[in-house]
Amino acid sequence: MGSEVKLSVLFTRDEIAATVNKLAAEIRQDYLSKNPVLIAVLKGSFMFLADLIRLLDFPLEVEFIRLSSYGGGRESSGKIKVVQGLQSEVRGRHVLVIEDIIDTGLTADFLLDYLRQKKPASLKLCVLTDKPARRKTPVNIDYRGLTVPDKFIVGYGLDWDERFRHLPDIYVVEDKG
Ligand code: 5GP
């Protein structure tokens, strides 16, 4: 911990931008006349959401949800709860979940179940980064950005213990030594 953390670039801001563009084009095709509700999972997805929605030139709404996650460590506890819920009704709406990363899949699995109970007209998942090597439960990803290796990544909204979120590129955290 502390200042000895070494980061190496995994995806540059240009690669990220190209990926967000690609995802936006796919989403546009499917949601153009559906007035969807995009639900971004805090905190990690805020930067992705902000870049993505600026490319979506059709009516949509934005909601945020906050779930308990890693805490200060690097391992998912598998215990997930809603810390900050939705501010509006999603019943009958076309809901698109915006996630920063799918790792074990436990968070997405929980969230999709939670949202399904609210009876949306449709429910899909868009993820910027996917770490399939660590999956513990299958997750159906409708819009997938970048595949990442079995490493801990930071930047572009993703943190390590609240650090590194603001970095415009995505990095792998390399252990010292
Ligand atoms: P899952 O439930 O799929 O294991 O994990 C989902 C959450 O764990 C993500 O939303 C994110 O908060 C955190 N997470 C998983 N892998 C990484 C990673 O490589 N880097 C960061 N910063 N967070 C991660």
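Residues numbered from 1 in each chain as written. Predicted model: local features only at pLDDT ≥ 70, side-chain atom pairs only at ≥ 80, totals over all residues. Heavy atoms only, no water.

Colleague: In this structure, what is going on with the sheet that holds strand β3 (residues 61–67)? I would like to understand it.
Modeller: Hydrogen bonding along the main chain pairs the strands of a sheet, whether they run parallel or antiparallel. Strand order in the open sheet made by the six strands is β4-β3-β2-β5-β6-β7, with mixed pairing throughout. Strands with a single pairing partner mark the edges of an open sheet, and in this sheet they are β4 (82–84) and β7 (143–147). Geometrically, the sheet is characterised by an average inter-axis angle of 30° between neighbouring strands, direction not taken into account. Pairing of strand β2 (residues 37–42) with β3 involves six bridges; the strand directions are parallel. (Pairing = 2+ DSSP bridges. Helix = DSSP H or I, 4+ residues; strand = E, 2+ residues; numbered from the N terminus. Axes fitted to C-alpha atoms, helices over the stretch in contact; angles between N-to-C directions.)

Colleague: Looking at this model, I keep getting lost on the pattern of salt bridges. Mind explaining?
Modeller: Close approach of charged atoms allows side chains with opposite charge to pair. This structure, assessed with the given rule, holds 14 salt bridges. Between arginine 13 and aspartate 169 there is a salt bridge, with its nearest N and O atoms 2.7 Å apart. Here the residue arginine 13 occupies a position in helix α1 (residues 13–31), and aspartate 169 occupies one in the loop between β8 (153–154) and β9 (170–174), the gap between them amounting to 156 residues. Under the relative-accessibility criterion, arginine 13 is labelled partly exposed at 47%. One salt bridge connects aspartate 130 with arginine 144, and the closest N-O pair in it is separated by 2.8 Å. Placement of aspartate 130 in strand β6 (residues 122–130) and of arginine 144 in strand β7 is noted, with a sequence separation of 14 residues between them. Each member of the salt-bridge network shares a partner with another, and the members are Lys43, Asp159, Glu162 and Arg165. (Salt bridge = Lys/Arg side-chain N within 4 Å of Asp/Glu carboxyl O. Buried < 20%, exposed > 50% of the residue type's maximum accessible area, 1.4 Å probe, protein only.)

Colleague: Just to check I follow, could you spell out the environment of proline 59 for this structure?
Modeller: Counting through the fold element by element, proline 59 comes out in the loop between α2 (46–53) and β3. By relative accessible area, which is 55% here, proline 59 ends up exposed. For proline 59 and arginine 91, which are 32 residues apart along the polypeptide, the C-alpha to C-alpha distance reads 18 Å. Residues contacting proline 59, with those up to four places away along its chain left out, are Leu32, Asn35 and Pro36. (Contact = heavy atoms within 4.5 Å.)

Colleague: How do you make sense of α2 when you look at a structure like this?
Modeller: Residues that lie three or four places apart on an α-helix share one face, since the helix turns once every 3.6 residues. Those residues of α2 that fall on the buried side of the exposure criterion are Met47, Phe48, Leu49 and Leu52. Buried residues in α2 make contact with α1, β2, β3, β5 (94–102) and β6.

Colleague: What should I look at first to understand the packing of aromatic side chains in this one?
Modeller: Working definition: an aromatic ring pair is given by the centre-to-centre distance plus the angle between the planes. Across all of its chains, the model carries three aromatic pairs by this definition. Arranged with centres 6.5 Å apart and planes meeting at 50°, the rings of tyrosine 31 and tyrosine 143 form a pair that is tilted. On the criterion of sequence distance, the pair formed by tyrosine 31 in helix α1 and tyrosine 143 in strand β7 is long-range, its members being 112 residues apart. In this pair, the class of tyrosine 31 matches that of tyrosine 143, namely buried. When the ring of phenylalanine 110 is compared with that of tyrosine 114, the centres are 6.2 Å apart and the planes differ by 15°; the resulting orientation is stacked. One end of the pair, phenylalanine 110, and the other, tyrosine 114, are both in helix α3 (residues 106–116), four residues apart, so they sit about a helical turn from each other. Overall, the relative accessible area of 23% leaves tyrosine 114 in the partly exposed class. For lysine 34, the ring lying beneath its charged end belongs to tyrosine 31, and the centroid distance is 5.7 Å. (Phe/Tyr/Trp six-rings, centres within 6.5 Å; stacked < 30°, edge-to-face > 60°. Lys NZ or Arg CZ within 6 Å of the ring centre and 35° of its normal.)

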